[in-house]
Amino acid sequence: MSDAPTHHFTNERSFAKVPGDAEAGATSPMTGEQRFQAIIDADDKIEPTDWMPDEYRKTLIRQIAQHAHSEVIGMQPEGNWISRAPSLKRKAILMAKVQDEAGHGLYLYSATETLGIGRDELVDLLHAGRHKYSSIFNYPTLNWADIGAIGWLVDGAAITNQVMLTRTSYGPYSRAMVRICKEESFHQRQGYELLLRLCRGSEEQKAMAQDAVNRWWWPSLMMFGPHDAESTHTQQSMAWKIKRVSNDDLRQQFVDMTVPQAEYLGLALPDPDLRWNEARGHYDFGDIDWAEFWNVVKGNGPMNRERMEHKRRAWDEGAWVREAAAAHAAKQQARRVAKKSA
Ligand SMILES: [Fe+2]
Ligand SMILES: [Fe+2]
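These remarks concern the structure in this document. Just so it is clear, the structure is predicted and the values come from calculations on it, not from any experiment.

## Considering the overall build of the protein
What the protein contains, in helices and strands, is 15 helices and 2 strands. Taking the principal axes of its C-alpha atoms as reference, the protein extends roughly 75 × 65 × 35 Å. Within the protein, the fraction of its 342 residues that count as buried is 49%. Expressed as a percentage of contacts within the protein between residues at least 6 apart in sequence, the contacts between residues at least 24 apart total 75%. Of the accessible surface of the protein, which amounts to about 17,500 Å², a share of 56% is contributed by carbon and sulfur atoms. With 42 positive and 46 negative side-chain charges, the protein shows a separation of 7 Å between the mean positions of the two kinds.

## Brief notes about the environment of D50
Topologically, D50 is positioned in the loop between helix 3 (32-41) and helix 4 (54-73). The sequence separation of D50 and E33 amounts to 17 residues, and the corresponding C-alpha distance is 9.8 Å. Within polar-contact distance, the side chain of D50 engages the backbone nitrogen of E47 at 2.8 Å.

## Some thoughts on the coordination of the iron ion (ligand 1)
For a metal with four donors in a tetrahedral arrangement, the ideal angle between donors is 109.5 degrees, while six donors in an octahedron ideally sit at 90 or 180 degrees. The protein atoms that coordinate the iron ion (ligand 1) are E71 (OE), E101 (OE), H104 (ND1) and E184 (OE), at distances of 2.0 to 2.2 Å. Viewed at the metal, the 4 donor atoms of the iron ion (ligand 1) are separated by angles of 84 to 146°, and the geometry they form is irregular. Spacing between the donor residues of the iron ion (ligand 1) along the chain follows E-x29-E-x2-H-x79-E. In this model, the iron ion (ligand 1) sits 3.4 Å from the iron ion (ligand 2), the two metals being bridged by E101. Of this pair, E101 sits in helix 6 (residues 88-113) while E184 sits in helix 9 (residues 171-199), and the two are 83 residues apart along the sequence. Accessibility classification places E101 together with E184 in one group, the buried group.

## Overview of the pattern of salt bridges
With the rule as written, the count across this model stands at 14 salt bridges. We note a salt bridge from R175 to E47, for which the minimum N-O separation is 2.9 Å. On the criterion of sequence distance, the pair formed by R175 in helix 9 and E47 in the loop between helix 3 and helix 4 is long-range, its members being 128 residues apart. R175 gets classed as partly exposed once you look at its relative accessible area, which sits at 47%. Classification of E47 by relative accessible area gives buried; the value is 9%. Close ionic contact of D248 with R251 constitutes a salt bridge, the shortest N to O distance being 2.9 Å. Of the two residues, D248 and R251 are both situated in helix 12 (residues 247-265); the distance of 3 residues between them amounts to about one turn of the helix. Residue class for D248 comes out partly exposed when judged on its relative accessible area of 24%. Judged by relative accessible area, which is 2%, R251 ranks as buried. Here the salt bridges share partners, and the residues they tie into one network are E78, K97, E101 and D155.

## Structural notes on the packing of aromatic side chains
Scanning all chains against the criterion turns up 11 aromatic pairs. Taking 4.8 Å as the distance between ring centres and 85° as the angle between the ring planes, the aromatic pair formed by F293 and W294 counts as edge-to-face. Aromatic ring contacts, followed pair by pair, group F36, W51, Y56 and W240 into a single cluster. Across from the ring centre of W315, 3.5 Å away, lies the NZ or CZ of R322, which sits over that ring.

## A closer look at helix 10 (residues 203-222)
At 3.6 residues per turn, the α-helix brings residues three or four places apart onto the same side. In a regular helix each residue adds 1.5 Å, so 20 residues correspond to 28 Å; helix 10 covers 30 Å between its end C-alpha atoms and thus fits that length. Remark: the principal bend of helix 10, roughly 35°, maps to W216, with a proline, P219, within the next four residues. Turning to helix 10, its buried residues are A209, Q210, A212, V213, W216, W217, W218, P219, S220, L221 and M222. Where the residues of helix 10 are buried, they touch helix 8 (145-165), helix 9, helix 12 and helix 13 (290-300).

Reading guide: rules and limits
- Residues numbered from 1 in each chain as written.
- Chains lettered and ligands numbered in written order.
- Predicted model: local features only at pLDDT ≥ 70, side-chain atom pairs only at ≥ 80, totals over all residues.
- Heavy atoms only, no water.
- Helix = DSSP H or I, 4+ residues; strand = E, 2+ residues; numbered from the N terminus.
- Buried < 20%, exposed > 50% of the residue type's maximum accessible area, 1.4 Å probe, protein only.
- Contact = heavy atoms within 4.5 Å.
- Areas by Shrake-Rupley, 256 points an atom, 1.4 Å probe, with all protein chains shown as cover.
- Lys, Arg positive; Asp, Glu negative; His and termini not counted.
- Charge placed at Lys NZ, Arg CZ, Asp CG, Glu CD.
- Polar contact = N/O pair within 3.5 Å; in protein donor to acceptor, adjacent residues only side chain to side chain.
- Donors = N, O, S within 2.8 Å, 3.2 Å for Na, K, Ca; no water.
- Tetrahedral: all angles 85-135°; square planar, octahedral: opposite > 155°, others 65-115°.
- Salt bridge = Lys/Arg side-chain N within 4 Å of Asp/Glu carboxyl O.
- Phe/Tyr/Trp six-rings, centres within 6.5 Å; stacked < 30°, edge-to-face > 60°.
- Lys NZ or Arg CZ within 6 Å of the ring centre and 35° of its normal.
- Expected span 1.5 Å × (residues − 1).
- Bend = angle between axes of the 7 residues up to and from the residue.

See the structure below:
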C-alpha cells in the first residue's frame, strides 16, 4: 500500500472501505479526526487501533463496562433460584442461562479492554460504587414465576436495546453484541415458555405468573432509561452512531411487541392507560414513576446494597482462583520458553 497515506493508528481494513482515501493521495493524508468522521459517515466500524476522540472512548468505556457489570450482577437474582427450580429440566435451563450471562460479561469486559483500560480497574470502579449497572437487578426475585418474567420481560427489553447495538459504530462492541443477541433470544423464549406453562396450569400457578408480571412490568420499561429530552448522553451517542435508536422509540417498540404476547398468555399488564392507538399505529401507555427510577439509580432500590455486598464478597473469595490461574499460566509459559530454547 505504498500510495496510501501513512498513519500509525490505522489499518488496511479501514483504508479499503473509507471513501475519499483515493483522492486523499500520499501528499494530503486525512487527519485522524477526518478519518474517524469518514468511517462514521460510511457506517463502517471504528477499530481499537483507529484514532478516536477522547470523549468517544470515554463514552464507550462507560457504556460497555456498565453493560458488562450488568451481565455479571444480573446472575444474582436468577442464581438465587437454581437450587429451588421445580424440575431437573428447569434447573438445567436456568443454569445454562446464568452461565450465558457470565459469558456475556466476559465478552464485554474484553471489548472494554480494547479501549485501553484493564479489567481489574473496571471491577474496582464497580466495587467502589463509581460505575453503575442496570437498575433492573436491584429488584428481588420473590417467586418461581419471577424467573419466567425476567426471561420474557427483562431479557426481552435487553434484546430490544441490544439489537441496535449489533450496528453500533465500535467494532469490538458490535461483534460481541451479535453473539449476545442470539443467546438473549433463547433467554427470552425460555422465560415466555415458563410463564406459558404456569398460565396453562392451576389457578395458583397463573396467579403466581400474574404477580410476577405485576412487579416486573414497570421496572422493565425503566430499562430504556429517561425520556429522550432528559437523556444527557443520547444526542452525542446518536451522532457517533454508538446508539442507533432513542430511549423512547425503543420503549415503544418493546411495548408494541410485548402487549400481544401478554394477551396470548392471558395475563394483564399493570397499566390502566395501556391501549391501542389506531391513529399512531402504536400502543399508548402510562408514564413511568420517575421518582422510583431515580431512587433506584441512586442506590436506594430494594436490593442495591445486597447485590454489591454479594459481588464484593464473591470477588474476595475468588481471589485464590485468579491467583492459581495466573500462576498456572506463568508456569506453562515458562515451560514453553524452556522447550524452545532446548
Ligand atoms: Fe446477557
Ligand atoms: Fe440474558
